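# Geometric and topological summary
Letter by letter, the chains look like this.
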Amino acid sequence: MKKVTLASLITVFIVFACQKNDGIKETPAEDVSSTSEVSGRQCAADEVLQKQIAEDPQRAAFLDELEKQTRLYNGRSASRLAGTLYLPVVVHIVHTNANIVTDLQIQSQIDVLNKDFNKTNSELANSGVYLAGYNLANVANCDIQFYLKQTVRKQTTVTSFGSNDAVKKSSSGGSDAVSSTTMLNLWVCDLSSGLLGYAQFPGGSSATDGVVVDYQAFGTSASYPMYAAFNLGRTATHEVGHWINLRHIWGDRRCGDDLVGDTPAHDGSNGGCPTTTHTSKCTGKPLEQWMNYMDYTDDRCMYMFSGGQKTRMDAAIDLSRKAYFSTTKI
Ligand SMILES: [Zn+2]
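Residues numbered from 1 in each chain as written. Predicted model: local features only at pLDDT ≥ 70, side-chain atom pairs only at ≥ 80, totals over all residues. Heavy atoms only, no water.

Donor atoms from the polypeptide that coordinate the zinc ion comprise C43 (SG), H238 (NE2), H242 (NE2) and H248 (NE2), at 2.0 to 2.2 Å from the metal. Relative to the metal, the four donor atoms surrounding the zinc ion lie at angles of 99 to 119°, and the coordination shape comes out tetrahedral. Each donor residue of the zinc ion belongs to the same chain, with the gaps between them written as C-x194-H-x3-H-x5-H. Of this pair, C43 sits in the loop between α1 (2-21) and α2 (45-55) while H248 sits in the loop between α5 (234-243) and α6 (307-320), and the two are 205 residues apart along the sequence. By relative accessible area, which is 1% here, H248 ends up buried. (Donors = N, O, S within 2.8 Å, 3.2 Å for Na, K, Ca; no water. Tetrahedral: all angles 85-135°; square planar, octahedral: opposite > 155°, others 65-115°. Helix = DSSP H or I, 4+ residues; strand = E, 2+ residues; numbered from the N terminus. Buried < 20%, exposed > 50% of the residue type's maximum accessible area, 1.4 Å probe, protein only.)

Structural data, given as structure tokens:
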């Protein structure tokens, strides 16, 4: 009886804890003009990770060890290959009309990734760009060049997918991963329930390794309506950040830890485009870095990775994703 009571209490606690930690969202958008067909950015990367951890204790053990090694990592000069690293990308278009996403649209997404990861995105060209007190000189140039290696077009009868990885398996109407231990696989499909994308963190199954982006938030132009607030290709930037081990800037809980030293604590996710004076209610009440790619803001309002995020990505590349990167296009 005592055991049952204790189990019930634990269950109640877990349910409460999940309710408390999940979906923390600050009042979105002082600027409401960005509201579009979806109510805001939704990414299932953390949710998918928690599910993998629940199903496989080794998953948590791997990530704990990776975290330990990441803390010991001394930055790029220590071991990450100097200079530009090239990353081949396989894009899967999984749709009832497999030609709906054009080659041009795919290239527009690759171009956005290259700008965002190399500090050449247009927002940063303005020296007066708002960075919530962060120094423009410290904004990260990750020095990663993405290039399209292969496009797979998969005509499917499945009208929409969720975050259960069905899109990554031909047996469930999706498209099987291609060389996913050496190439970044990027699945484009119609995601249900307003989900914009999700990614797999390092160390998961190679059959599901990669990122998924909704076709209405992919690239910068389409022959069909894109989500108005998410039509600049930043969903893929955000998801690839996860794929190289970046967490949400609010640490997926109120005033949580994103495991990066130079980002401020956030109350929760930001939606829309907050005002320049938007501060956190967390300790010290810092200005929130809502323009960070790892927040939930609209595409036009996210435009930077921090130097600390780059160091964390360098560690992930060196410790767990080395096989994907090379110093020349292969
Ligand atoms: Zn995310």
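What follows deals with the packing of helix α3 (residues 57-72) against α6. Running from N to C, α3 and α6 cross one another at 120°; their axes reach a closest spacing of 10 Å. Taken together, α3 and α6 sit at an angle that is classed as oblique. Note on packing geometry: the crossing formed by α3 with α6 is right-handed. Residues F62, L66, E67, Q69 and T70 of α3 lie in contact with α6, whose contacting residues are R312, A315, L319 and S320. Here the residues of the contact of α3 with α6 are counted per class, giving four nonpolar, three polar and two charged. (Axes fitted to C-alpha atoms, helices over the stretch in contact; angles between N-to-C directions. Parallel < 35°, antiparallel > 145°, perpendicular 65-115°, else oblique. Left-handed = near helix turned anticlockwise from the far one by under 90°. Contact = heavy atoms within 4.5 Å. Nonpolar A, V, L, I, M, F, W, Y, C, P; charged D, E, K, R; others polar.)

Before going further, it helps to spend a moment on the state of the cysteines. Summed over the entire model, instances satisfying the criterion amount to two disulfides. One disulfide in the model links C255 with C282; its S-S distance is 2.1 Å. Between C255 and C282 the sulfur-sulfur dihedral comes to about -90°; the bridge is accordingly left-handed. A residue pair is termed long-range when its members are at least 10 positions apart, and C255 in the loop between α5 and α6 and C282 in the loop between α5 and α6 qualify at 27 residues. (Disulfide = S-S within 2.5 Å.)

Spatial relationships are all this shows, so hold off on functional conclusions.
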